[in-house]
Amino acid sequence: MDPNNEKVGIEMKDGVPVSLSFDDVYFSKEGGWDESRYVFVEGNQIPNVLSEIEVVSIGELGFGTGLNLFVTLDLWLGAENPPSLEYFSLEGFPLPKETLLTLNHSFPDKPLWTETLLNSYEEQFQKWEMNPNEREWKTQFFHPKGKAKFHVHLFFGDVGVCLDEFPIIDFWYLDGFSPSKNPKMWSEGTLSKLRNHSKTGTRFATFTAAGFIRRNLEGLGFHIQKQKGFGKKREMLTGVLR
Ligand SMILES: C[S@@+](CC[C@H](N)C(=O)[O-])C[C@H]1O[C@@H](n2cnc3c(N)ncnc32)[C@H](O)[C@@H]1O
């Protein structure tokens, strides 16, 4: 096994990273790009807000390889005159840059990790390993037309610590492995922090349709909609805070 992957408990299967600790994949090679777009981007109705003027904030639980970030960025870059976007994410077990590159190999026709981006991510990752307070990796992208910017803020560390760093979020991407395999990402503590960083009208989307997640989010004031899942998956959840 690659020593970098061994450190974060990753095994490669058909060119896709699989977490040994959570026994789950980071993305699926077949349809992974479309799945991310369907579940998180369209599930949150992001295409509708790209014609608005106000700055939009997205909060993601589980950065992984960055697939959701790049899918969102791709849509934003192709929009006519989008608002500026603030993308907040967190990651407790940052992947080494060699593993991030598997995303580029899986989706060769998409604009993904560049050498410059990888180096800047790695530099911050190393700073954080030496000093856990140095947790924020920041980068930005410019829209080809107009003045809009796409700012990325990725916090390294546990969800319990990193969520406190997020501002009020407009759209949540809940992508923290399956709730049965990673209960901490979906605990009542995590969801109530998420609620505290939401406002009336804040939306969320997630691939899971687990009953206790639906009930807990409902209990926090979210109006839940069950949607058809991606591909063969029967259901997924989206919702809006009332
Ligand atoms: C399904 S993966 C995310 C996939 C990702 N969106 C992608 O495109 O690759 C879930 C991520 O949540 C992270 N994670 C799991 N538990 C965590 C915790 N307690 N705190 C912070 N991150 C955590 C994992 O390391 C993993 O990268």
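Residues numbered from 1 in each chain as written. Predicted model: local features only at pLDDT ≥ 70, side-chain atom pairs only at ≥ 80, totals over all residues. Heavy atoms only, no water.

### What about the overall build of the chain?
Just so we agree on the cut-off: Strands are runs of DSSP state E lasting at least two residues, helices are runs of H or I lasting at least four, and both sets are numbered from the N terminus onward. When a residue's accessible area, from a 1.4 Å probe over protein chains only, is under 20% of the maximum for its type it is buried; when over 50% it is exposed; and in between it is partly exposed. Contacts are residue-level and defined by heavy atoms, with any inter-residue pair within 4.5 Å sufficient. The Shrake-Rupley method, run with a 1.4 Å probe, gives the accessible areas here. Residue values count only the displayed protein chains as cover. Here Asp and Glu are counted as negative and Lys and Arg as positive; His is not counted, and neither are the chain ends. Where a charge lies is defined by one atom per residue type, namely NZ (Lys), CZ (Arg), CG (Asp) and CD (Glu).
Within the chain, the regular secondary structure consists of nine helices and 11 strands. A principal-axis box enclosing the C-alpha atoms of the chain has dimensions of 45 × 45 × 40 Å. For the chain, buried positions account for 52% of its 242 residues. Counting only contacts in the chain whose residues sit at least 6 apart along the sequence, the fraction spanning at least 24 positions is 69%. A total of about 11500 Å² of accessible surface is found on the chain, and carbon and sulfur atoms cover 51% of it. In the chain, which carries 26 positive and 33 negative side-chain charges, the distance between the mean positions of the two groups comes to 6 Å.

### Looking at the packing of helix α5 (residues 97-106) against helix α6 (residues 115-130)
Counted only if it meets this: All axes here are fitted lines through C-alpha atoms, helices being fitted over the stretch that makes contact, and every angle between N-to-C directions spans 0 to 180 degrees. In this scheme the crossing of two helices becomes right-handed for a clockwise turn of the near helix relative to the far one and left-handed for an anticlockwise turn of less than a right angle. Ten residues, namely Ala, Val, Leu, Ile, Met, Phe, Trp, Tyr, Cys and Pro, are considered nonpolar, four, namely Asp, Glu, Lys and Arg, are considered charged, and the remaining ones, Gly among them, are considered polar.
Interhelical geometry of α5 versus α6 gives an angle of 145° and a closest axis separation of 11 Å. For the pair α5 and α6, the crossing hand works out as right-handed. Residues Lys97, Leu100 and Leu101 of α5 form the contact with α6, whose own contacting residues are Glu115, Leu118, Asn119, Tyr121 and Glu122. Residues that form the contact of α5 with α6 fall into these classes: four nonpolar, one polar and three charged.

### Here we look at the site of the ligand
To keep it simple, the criterion reads: Proximity criterion: a residue is near a molecule or strand once any of its heavy atoms comes within 4 Å of it. Under this definition, polar contacts are N or O atom pairs within 3.5 Å; protein pairs additionally need one hydrogen-donor-capable and one acceptor-capable atom, and for neighbouring residues in sequence, both atoms have to be side-chain atoms.
Lining the immediate surroundings of the ligand are 22 residues, of which Thr65, Glu91, Val159, Asp175 and Asn182 lie closest. In the environment of the ligand, a nitrogen atom lies 3.5 Å from a nitrogen or oxygen atom belonging to the side chain of glutamate 60. One of the backbone N or O atoms of leucine 67 is found 3.1 Å from an oxygen atom in the ligand. Burial of the ligand by the protein amounts to 98% of the accessible area it has alone, namely 600 Å². When contributions to the shell around the ligand are tallied by element, the ones reaching two or more residues are α4 (67-78) and β5 (85-91). Looking at the shell around the ligand residue by residue, the classes come out as nine nonpolar, nine polar and four charged.

### Concerning the UniProt feature "domain: MnmC-like methyltransferase" (unreviewed entry) in the chain
Condition: UniProt positions are given in the numbering used here, feature names are shortened, and annotations may be inferred rather than shown by experiment.
According to UniProt, the "domain: MnmC-like methyltransferase" (unreviewed entry) feature falls on residues 148-241. When the span residues 148-241 is considered, its composition is 23% helix and 39% strand, and the gap between its end C-alpha atoms is 27 Å.

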